[in-house]
Amino acid sequence: MELAIKIFQFILSISILVILHELGHFLPAIWFKTRAEKFFLFFDPYFSIFSMKKINGTWKYKFLSQNLPDTEVIEVNGKKQEVAIDISKLPDTDWRKHPEQTKYGIGWLPFGGYVKIAGMVDESMDTEQLKQPAQPWEFRSKPAWQRLIIMLGGVTVNFFLAWLIYSSLSFFNGETYTDIKKFENGVEVTEAGKKMGFQNGDHLISIDGKPTERLENASINILLGDHVTVLRNGKEVTFPINSDGVADVLKQKEAKLYISPRVPMVIDSLVTPSAKTSGLASGDKIVSINGQKVTYFDELSPVLNQNKGKTVAVDVERKGAGIVALPSVPVDKNGKLGVQIDTKGIAQSIVTNKKYSFGEAIPRGFTRTIEALTMQVKQFKIMFNSKIQGYKSVGGPIAIVKNMPVDRNANGDVAINWPAFWSFTAMFSIWLAFLNLIPIPGLDGGHVLFTLYEIIVGKPVPQKVLENAQMIGVIFLLGLMLLIFGSDIFKVFTGKL
């Protein structure tokens, strides 16, 4: 059931983003009287799950229909030649006879979607149409500025969608976050965190010179940053972030665990029988073990590991009794006292829920969008770093589905966490906007680059160059998709996902 809910969320999110992104291309194309031949959610090689088209004023529908060719092979002077089909010879019921109407549909390959705009070199590689003289309703016959608006429409919609979602989340739900400024005892870090340059007890001040407040953002920004400023032993210290530590964090998949609030040694409950007879009590605050000062949880483990299977002298601070000495407290073979440390109190004290009015939510949504975009751009820093090798942590559809958020109640039942779902959709929307703007042929950014060249130079890029560039871009993107998807499958079989 959990997997089904995660898959549903992924498909729903992708569907929303694809439809609105393609609508960003479709609407300006229609406004500029450019013919949009197809509008599809998901790709439809060979056949489509569903399609519809308005024929002579009446909507027609098809289910599981095969894609019919737009070209045919004829013999000219004894040589075979592929040419566009003569639609005048087709029956009126054949949808191909009505190219002025858009064919809408749902494909079967859920890796995106597309709008096929007449007279445009796109992933369909329909070059036969381009061999004919340009028609007034074709993309290639439109002024460069109109073509630029059509190509930028998708990423523009993605940006404003993310802004709208983030603003709505801030207004309706507020923002709940872990406030670093409330970490009275500083932070506790793992070995990977120490390798990055942190020490237990550090108080975070800024990352790359920018003040930091939210642990959820800081834990990611540190991995993407260059240097950190902390308050250490009463002094401000700025140090470069060690890339070896970042690599360890990514390898151990502990991006949100390597840094946490430092927890005092206050006992919440006694778990094991030996602990219950040791003299320890709920509410006790451990202050020393065998005469060695122990104030925080991170200081406890090293001392107990040296005394596995032995007894230790423990001094505790007990409410109403002051310091109480317990001369013989057993340590089990795993180096544990058998007690549960109180983390609920500190967890509640460091969490902040901030509410936003409607007027505040709009600029806050914009800020969150820019933060998400900046974070996506910075990820390339660690992705291609030879030490960090962040590319090994890149996940495809399977990894995304696995990490889709769900709520689980006390009975183990799962449900969609809608705020988390919309937050993911907003983040994914801005990620798609950024990716599509990369100037690679086959993406919107490639078309934008060629159009800007035409505007600056004053003449269009040769048609053959566009076709070859598009072919290279499509091959590159297909290869990248296969690589990422293959990596997902490999990780599933090797247990690394």
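(A) Local environment of the overall build of the protein. Of regular secondary structure, the protein possesses 13 helices and 23 strands. Split into buried and exposed, the 497 residues of the protein put 41% on the buried side. Partitioning the contacts of the protein with sequence separation of at least 6, the portion at a separation of at least 24 is 68%. Accessible surface for the protein amounts to roughly 26,800 Å². Of this, 61% is attributable to carbon and sulfur atoms.

(B) The arrangement of the environment of Pro28 in detail. With respect to the element layout, Pro28 can be found in helix H1 (residues 2-31). Given the relative accessible area of 6%, Pro28 is considered buried. In this structure the C-alpha to C-alpha distance between Pro28 and Met151, which are 123 residues apart in sequence, comes to 9.0 Å. Contact partners of Pro28, with chain neighbours within four places excluded, come to Leu23, Ile149 and Ile150.

(C) Spotlight on helix H5 (residues 243-251). The element H5 is extensively covered by neighbouring structure, given that seven of its nine residues are classed as buried. Burial in H5 covers these residues: Ser243, Gly245, Val246, Ala247, Asp248, Val249 and Leu250. Elements that come into contact with the buried residues of H5 comprise helix H3 (191-196), helix H4 (215-224) and helix H9 (358-383). One side-chain oxygen of the residue at the start of H5 lies 2.7 Å from the amide nitrogen of Asp244, identifying that residue as Asn242.

(D) Summary view of the packing of helix H2 (residues 144-172) against helix H11 (residues 418-437). Close contact between H2 and H11 brings their axes to 8 Å; oriented N to C, the two are set at 155°. One way to sum up the angle between H2 and H11 is to call them roughly antiparallel. Note that H2 runs across H11; the crossing there is left-handed. Of the residues in H11, those in contact with Leu152, Val155, Asn158, Phe159, Leu161, Ala162, Ile165, Tyr166 and Leu169 of H2 are Pro419, Trp422, Ser423, Thr425, Ala426, Met427, Ser429, Ile430, Leu432, Ala433, Asn436 and Leu437. When grouped by side-chain class, the residues that make up the contact of H2 with H11 number 16 nonpolar, five polar and no charged.

(E) Molecular detail of the side chain of Arg368. Looking at where Arg368 falls in the secondary structure, it is placed in helix H9. Residue Arg368 is classed as buried on the basis of its relative accessible area of 15%. In contact with Arg368, other than residues within four places in its own chain, are Tyr166, Leu169, Ser170 and Glu175.

(F) Up close: the nonpolar core. Met196, Phe198, Leu204, Ile222, Val228 and Ile259 are the most contacted members of the largest nonpolar core, which has 26 residues in total. The element contributing the most residues to this core is H4, with five residues. Setting aside residues up to four positions removed in sequence, Met196 forms contacts with Ile222, Leu223, Phe239, Pro240, Ile241, Asn242, Gly245, Val246, Val249 and Tyr258. Formed by 25 residues, the second largest nonpolar core is a distinct cluster that contains Phe42, Ala162, Leu169 and Ile430.

(G) Local environment of the sheet that holds strand S11 (residues 210-211). The antiparallel open sheet is built from four strands, whose spatial order is S11-S10-S12-S13. Each edge of the sheet is formed by a strand with only one pairing partner; in this case those strands are S11 and strand S13 (235-240).

(H) Region of interest: H2. With 29 residues, H2 extends 42 Å between its outermost C-alpha atoms, agreeing within 8% with the 42 Å of an ideal straight helix rising 1.5 Å per residue. Its axis deflected by about 40° at Gly153, H2 carries its strongest bend there.

(I) Focus on the packing of H4 against H9. As a packed pair, H4 and H9 sit with axes 9 Å apart at the nearest point and diverge in direction by 35°. Both H4 and H9 take part in a crossing whose hand is left-handed. Contact residues: H4 offers Asn217, Ile220, Asn221, Leu223 and Leu224, while H9 offers Glu371, Met375, Lys378, Gln379, Lys381 and Ile382. Taken together, the residues of the contact of H4 with H9 break down into five nonpolar, three polar and three charged.

(J) Structural detail: the environment of Val329. When you line up the elements, Val329 lands in strand S19 (residues 322-330). A residue is classified by how much of its surface remains accessible, and Val329, at 1% relative accessible area, is buried. When the C-alpha positions of Val329 and Ile289 are compared, they lie 9.6 Å apart, and in sequence the two are 40 residues distant. Dropping the residues within four chain positions of it, Val329 is found in contact with Ser278, Leu280, Lys310, Thr311, Val312, Val314 and Leu337.

(K) How the structure looks around the layout of surface pockets. Space inside the second largest pocket adds up to approximately 320 Å³. Looking at the lining of the second largest pocket, the elements that each hand over two or more residues are helix H12 (444-457) and helix H13 (463-494). Tallying contributions element by element places H12 first for the lining of the second largest pocket, with four residues. A per-class count over the lining of the second largest pocket returns seven nonpolar, five polar and three charged.

(L) Examining the pattern of salt bridges more closely. Evaluated as defined, the whole model comprises 17 salt bridges. Measuring nitrogen to oxygen at the nearest pair gives 2.6 Å for the salt bridge that ties Lys195 to Asp248. Taken together, the residues span a long stretch of sequence, with Lys195 in helix H3 and Asp248 in helix H5 at a distance of 53 residues. What makes Lys195 partly exposed here is its relative accessible area of 41%.

The rules behind the values
Residues numbered from 1 in each chain as written. Predicted model: local features only at pLDDT ≥ 70, side-chain atom pairs only at ≥ 80, totals over all residues. Heavy atoms only, no water. Helix = DSSP H or I, 4+ residues; strand = E, 2+ residues; numbered from the N terminus. Buried < 20%, exposed > 50% of the residue type's maximum accessible area, 1.4 Å probe, protein only. Contact = heavy atoms within 4.5 Å. Areas by Shrake-Rupley, 256 points an atom, 1.4 Å probe, with all protein chains shown as cover. Polar contact = N/O pair within 3.5 Å; in protein donor to acceptor, adjacent residues only side chain to side chain. Axes fitted to C-alpha atoms, helices over the stretch in contact; angles between N-to-C directions. Parallel < 35°, antiparallel > 145°, perpendicular 65-115°, else oblique. Left-handed = near helix turned anticlockwise from the far one by under 90°. Nonpolar A, V, L, I, M, F, W, Y, C, P; charged D, E, K, R; others polar. Core = buried A, V, L, I, M, F, W, Y, C linked by side-chain atoms within 4.5 Å. Pairing = 2+ DSSP bridges. Expected span 1.5 Å × (residues − 1). Bend = angle between axes of the 7 residues up to and from the residue. 1 Å grid on protein atoms, 1.4 Å probe; cavity = no way out; pocket = protein on both sides within 12 Å on 5 of 7 lines; lining within 4 Å. Points joined across faces, edges and corners; volume = space filled by probe spheres on them. Salt bridge = Lys/Arg side-chain N within 4 Å of Asp/Glu carboxyl O.

These results come straight from atomic positions and should not be treated as a statement about function.
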